[in-house]
Structure formats: structure tokens, C-alpha cells
Amino acid sequence: ASKLYSDIPIGHWSENAADILGELNIFQGVSSNEFGGTLFINRYDVARVINGLLGKRSVPTNIILLSDIRAGHPDFKVIQKILSANLMSTQENKFSGDKKISRYDFANYILKTLEYLQADPLSIRNQPKPLSSFPLEKREMLDKIVNKWQLSDGYTDWDSNINRYGAL
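Residues numbered from 1 in each chain as written. Predicted model: local features only at pLDDT ≥ 70, side-chain atom pairs only at ≥ 80, totals over all residues. Heavy atoms only, no water.

Novice: What's the story with the overall build of the protein in this structure? I'm lost.
Specialist: A count of helices and strands for the protein gives six helices and zero strands. Going from the N terminus to the C terminus, the protein shows its helices and strands as α-α-α-α-α-α. Against the compact-globule benchmark of 15 Å for 168 residues, the protein has a radius of gyration of 16 Å, which places it among compact chains. Principal-axis analysis of the C-alpha atoms gives the protein an extent of 45 × 40 × 30 Å. Per-residue burial for the protein yields a buried fraction of 42% across its 168 residues. For the protein, contacts bridging at least 24 residues in sequence account for 68% of all contacts bridging at least 6. Accessible area of the protein: about 9,900 Å², with a carbon and sulfur share of 50%. Distance between charge centroids for the protein: 5 Å, based on 20 positive and 19 negative side chains. (Helix = DSSP H or I, 4+ residues; strand = E, 2+ residues; numbered from the N terminus. Rg over C-alpha atoms; globule rule 2.2 N^0.38 Å. Buried < 20%, exposed > 50% of the residue type's maximum accessible area, 1.4 Å probe, protein only. Contact = heavy atoms within 4.5 Å. Areas by Shrake-Rupley, 256 points an atom, 1.4 Å probe, with all protein chains shown as cover. Lys, Arg positive; Asp, Glu negative; His and termini not counted. Charge placed at Lys NZ, Arg CZ, Asp CG, Glu CD.)

Novice: How do you make sense of the packing of aromatic side chains when you look at a structure like this?
Specialist: For any pair of aromatic rings, the description consists of the separation of the ring centres together with the inter-plane angle of the planes. The final tally for this structure, using the stated rule, is five aromatic pairs. Ring pairs connect the aromatic residues Y5, W13, F27, F35 and Y165, which therefore count as one cluster. Across the ring face of Y104, the terminal group of K138 is positioned such that the distance to the ring centre comes to 4.8 Å. (Phe/Tyr/Trp six-rings, centres within 6.5 Å; stacked < 30°, edge-to-face > 60°. Lys NZ or Arg CZ within 6 Å of the ring centre and 35° of its normal.)

Novice: I would appreciate a short explanation of helix 4 (residues 103-116) in the present structure.
Specialist: For an α-helix, the turn length of 3.6 residues means that residues three or four places apart are oriented alike. In this model, helix 4 (14 residues) spans 20 Å end to end at C-alpha, consistent with the 20 Å of a helix rising 1.5 Å per residue. Of all the residues in helix 4, the buried ones are R103, Y104, F106, A107, Y109, I110, L111, T113 and L114. Looking at the buried residues of helix 4, the elements they touch are helix 2 (43-54), helix 5 (136-148) and helix 6 (164-167). Trailing helix 4 by a residue or two, Q118 shows a phi angle of about 55°, which is positive. (Expected span 1.5 Å × (residues − 1).)

Novice: What should I look at first to understand the side chain of S102 in this one?
Specialist: Mapped onto the elements of the fold, S102 is located in the loop between helix 3 (76-84) and helix 4. Polar side-chain contacts of S102 include one of 3.0 Å to the backbone nitrogen of D105. With residues near it in sequence (within four places) discarded, S102 still touches W158, D159, S160, N161 and I162. (Polar contact = N/O pair within 3.5 Å; in protein donor to acceptor, adjacent residues only side chain to side chain.)

Novice: I'm lost on the environment of A119 in this one. Help?
Specialist: Residue position: A119 is located in the loop between helix 4 and helix 5. For A119, a relative accessible area of 31% corresponds to the partly exposed category. Taking the C-alpha atoms as reference points, A119 and F35, separated by 84 residues in sequence, lie 27 Å from one another. Residue contacts for A119: discarding those within four places in its chain leaves L114 and W149.

Pasting the structure below:
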């Protein structure tokens with residue numbers, strides 16, 4: 001059973017991943033003892049995950065004026081750090097933190113973060129999967145996520161919103 005989250009069923013595939021990422025302050029639960037796995041993630045969640053992956057790494061931060069995020073917002077510093085590193089984008093001077101994230105966008109943000117960190121993928125564990133059924137403009141990024149980094153087995157619902165379990 002999960003050591004941190006009471007709402008993850010015993011034997012669920014996410015037990016270890018949720019505990020490890022929670023203990024490392026990379027991907028926190030929705031409360032101190034609930035993970036909220038079936039809830040869709042939003043842009044605030046992604047910013048926090050990216051910040052967790054960056055850890056204490058220093059990022060030259062610019063003040064980026066946003067019409068929907070003020071200096072007193074609890075995620076203000078995190079969002080400024082992520083945007084300054086160009087790991088997420090804004091539209092029309094808004095962060096739109098409550099906006100749900102597609103599986104594709106989440107994977108793209110994680111890939112940008114891994115490349116920013118100059119991380120090395122683990123050795124290849126699985127044979128490369130063909131991705132010819134995906135739109136050409138998405139194939140390069142998906143190939144990196146599915147085949148190079150092997151962070152996903154490949155999905156057909158890349159444009160669907162992703163929940164917290166899927167983000168693990």
C-alpha cells in the first residue's frame with residue numbers, strides 16, 4: 001500500500017511511483033494524505049512538477065507580468081521560474097493555471113524539462129515502437145517520449161486530458 005496516500009488502492013500500479021515522487025517533492029498529492037489520482041491535472045500542477053524536477057537548480061529568473069497571476073499567488077515564484085526557463089508558455093499574457101492539460105502537452109513539457117536539465121535517458125529497455133499512426137508534427141516529440149525516454153508505452157489518446165495517475 002502507499003505509505004503517503006490513503007486513496008491509492010492496495011496493489012495499484014501507482015503506489016511506488018506516487019510515494020517516490022511525493023517523497024522527492026516532485027509530484028505531491030492534492031492533500032497531505034490523498035493523491036487524487038483520477039483528477040485531471042492542470043497547468044499549476046505541471047508547473048509544480050517541473051519545479052520539483054528542477055529541484056534547487058538555479059534558474060535566471062525574469063519577472064514576467066501576467067494578467068492572471070499576481071505576486072501574492074502561492075505559485076507565483078514557481079511560475080516565474082518555469083516561464084523564465086522557457087519550459088512552459090503563456091497565451092495573451094495569461095498563465096491559465098486552471099486549464100486542464102492534454103497527455104501530449106504534459107509529455108512535451110516533461111521532455112523540455114529533461115532537455116533543459118541535460119538529462120541522459122536510461123538504457124533502452126524496450127524495442128522501439130512505430131509511431132506512424134500519429135500526426136507528423138507530433139511524431140518527433142512522441143518518439144522521444146515513447147522510444148528514447150520510454151516514459152510511456154504509447155497511447156492513442158494524446159489529445160485527451162491527463163489525470164494524475166496518467167501523469168505518474
